[in-house]
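Examination of the molecular architecture
Here is what each chain is made of, one letter per residue.
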Amino acid sequence: MKRKHRMKIGLRDRVFLGIVYFVLAVYFLLMLYPLLYVASASFSDPKAVAGGEMVLWPVRPSLSAYRYVFHYKEIWVGYANTVFYTVAGTLINLAVTLPCAYALSRRDLYGRGVLLALFMVTMYVSGGLIPGYLNLNDLGMVNTRWALLLPGAVSVYNLIVARTFFANTIPWELQEAAWLDGCSDAKAFVHIVLPLSAPIVAVLAIYYGVGHWNAYFNAMIYIRDRALYPLQVFLREILTQGQFMAQALQGGAAYTTEEMAVMIKQADTANMIKYAVIVVSAAPMMAVYPFIQKYFTKGVMIGSVKG
Amino acid sequence: MKSVKTKKTALRQIRAHWQLYVMMLPAILAILVFSYKPMYGIIIAFKKYSFRQGYWGSPWVGLENFRRLFGSYWFPIILRNTLTLSVLSLVVGFPVPILLALLANELGSEKVKRTFQTVSYAPHFISTVVLCGMVILFTNPSHGIINLLIRAMGGEPVAFMQEQSMFKWVYVLSGVWQGSGWGAIIYFAALSGVDQSLLDAASVDGASRLQKILYVNLPVLVPTIVVMLVLQCGSLLGVGYEKVLLLQNSLNQESSEVISTYVYRMGLVNYDYSFSTAAGLFNSVCNAAVLVVANTVSRRLTNASLW
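Since the model is a prediction, treat every value here as computed from it, not as a measurement.

1. Looking at the overall build of chain A
When helices and strands are tallied, chain A shows 15 helices and zero strands. Burial status across chain A gives 48% buried among its 307 residues. Nonlocal contacts in chain A, meaning residues at least 24 apart in sequence, comprise 73% of its contacts between residues at least 6 apart. Summed over all atoms, the accessible surface of chain A reaches about 15,400 Å², with 68% contributed by carbon and sulfur.

Rendered as structure tokens:
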């Protein structure tokens, strides 16, 4: 009797597992397909993409889209700027956040509660868009690189994550021993705490770095000089504002057949370039993140520990 | 007498650990200048601000800006759109990561599990600009892959970016695509804390896989689920401008304009600084109120609280 029950469970489990695998497989394909499609489309004949001939793998592969992109100078200006903002911005973030997080992790810090509250408040209360803009304007930072480097110098969420890490993983006895040996607070931080904190430095560098790489809004409102634009702002122009075709067609304007043919050809080429631009801009992130993903999980786990 | 003594020890403590305060200085300066100083700019919500007269010189107008906001044509529209987008995101997007973590947890091989997770994180690393660019390309009525598929199945192409009723689905589903894998991390982390002996005991008692998920794994996730739910409910009126601005066009504006994009438009496009600040202030006060209510409800019901 019992054995029969067991077998029934075994069968039910196998059916259930089958459903689980099926659902996960569908989800997996939904995640992956758009990415593969973009990559393949960027290497394909634009006519094959527009006509629905290209489903998964490139059709009549060519590199012509990339040839256009390589000659589009502004993209490379944006690329260089983004690399600069990401590297310089992340270094500033780390230099400001880590020492502060360490100090706040020290239970013997006088006034720790008040100081922590000072930071926490800014997570829930802010001046808002316009007061923030006017503030940077008063400081003379609008249309300078500083506008993208300094205002976000410390993210309170990351600060708390780092503080939790220092408080929970650096043995207090180790620090005490260092002070007994005459080590100052700053020295203890640099020579004892930091070498033990590689995971949290990695987590913060990645969080901040990805943020800088992908940000567009602040650059859009604070930067007017095109030579200072990061890549994402150029991408925005190319990807989301090139709706001239749609609008022209919507307007019901009368075009001759030749004009239409030229416009369609232009539109096809434009789309091909869009796919290539997406690949060029997202490739670094796509290449790097699988190798650092364990740090992401770690960051989320540290962040979810209250303390 | 006593207070003098504590004051003395406080001073002595601060002197002894002055280096810790120096380590905090850059971060404290950053939030004072970039978070607290703009808060003071909120007063222009109650003024008729002009650049020439500055914060103090501009005349007070009391609640005039708020009166104008509540009486404006756009006010009911942006309120409705904000609520539509956030409620739909919550209803559709919130359960997906939970389900995903529970199901992927059933994957037997660690290698398969890791591959699955890596791919599910990928969309998170794509910038908002690129995501929206992909959405616009994919939904194009004549050559977008989604409409090509619809046509292949015998349907009529849909102008997703132009049709009012479609905007919310474009916004929410693209959000689920980008965020669900990443959102599952926190549940994966919680599931790694499930007591293996409980699962073994359940197996001995003849529990099926589904029963183990429902009665062992799911209960472990409940505290995390509650906290995430409170956080999400707290941002019910906090639909950000970054993504909406990129997906917005003149044809879908009636269903895409939300409070934050309205603040942006009135402030930085129309230069109506005081009015825009008032709208932003209204939004953040509502956000804070909703967060407090959500947190109180959760504390009453489940003892889980954000603070």
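2. A few points about the domain arrangement of chain B
All names here are of chain B. Each assigned domain of chain B is listed with its residue range as follows: domain 1 (2-46) and domain 2 (73-126 + 168-302). Counting residues at the interface gives five residues for domain 1 and five residues for domain 2. Both sides together, the interface formed by domain 1 and domain 2 hides about 370 Å², and carbon and sulfur atoms give 77% of it. On the domain 1 side of the interface with domain 2, the three residues burying the most area are I42, I44 and A45, jointly 91% of the side's total.

3. Some details on the packing of aromatic side chains
All names here are of chain A. On inspection of all chains with the given rule, the structure shows 37 aromatic pairs over all chains. Ring geometry for Y37 against Y275: centres 6.0 Å apart, planes inclined by 75°, an arrangement best described as edge-to-face. Highlighted residues: Y37 in helix α1 (residues 2-42) and Y275 in helix α15 (residues 257-304), separated in sequence by 238 residues. The exposure class assigned to Y37 is buried, which follows from its relative accessible area of 0%.

4. Focus: the nonpolar core
If you look at the biggest cluster of nonpolar residues, it comprises 170 residues, and the most contacted ones within it are L104, F119 and F166 of chain A together with M134 of chain B. With 12 residues, the top contributor of residues to this core is α15 of chain A. Of the residues that make up this core, three or more belong to each of domain 1 (2-46) and domain 2 (73-126 + 168-302) of chain B. Not counting the four nearest positions on each side in its chain, F119 of chain A is found in contact with C100, L104, V156 and L159 of chain A together with A27, I28 and I31 of chain B.

5. Re the environment of Q196 of chain B
Residue and element names in this part refer to chain B. With respect to the element layout, Q196 can be found in helix α12 (residues 196-204). On the basis of relative accessible area, Q196 is assigned to the partly exposed category, the value being 48%. With 149 residues separating them along the chain, Q196 and K47 place their C-alpha atoms 62 Å apart.

6. Remarks on the confidence of the model for chain B
In this model, chain B carries a mean pLDDT of 89, and residues with pLDDT of at least 70 account for 97%. Among the scores for the predicted complex, ipTM is 0.88 and pTM is 0.88.

Thresholds, definitions, all that
Residues numbered from 1 in each chain as written. Chains lettered and ligands numbered in written order. Predicted model: local features only at pLDDT ≥ 70, side-chain atom pairs only at ≥ 80, totals over all residues. Heavy atoms only, no water. Helix = DSSP H or I, 4+ residues; strand = E, 2+ residues; numbered from the N terminus. Buried < 20%, exposed > 50% of the residue type's maximum accessible area, 1.4 Å probe, protein only. Contact = heavy atoms within 4.5 Å. Areas by Shrake-Rupley, 256 points an atom, 1.4 Å probe, with all protein chains shown as cover. Domains from an automatic or database assignment. Buried area = accessible area lost by both parts, 1.4 Å probe. Phe/Tyr/Trp six-rings, centres within 6.5 Å; stacked < 30°, edge-to-face > 60°. Core = buried A, V, L, I, M, F, W, Y, C linked by side-chain atoms within 4.5 Å. pLDDT = per-residue confidence, 0-100.

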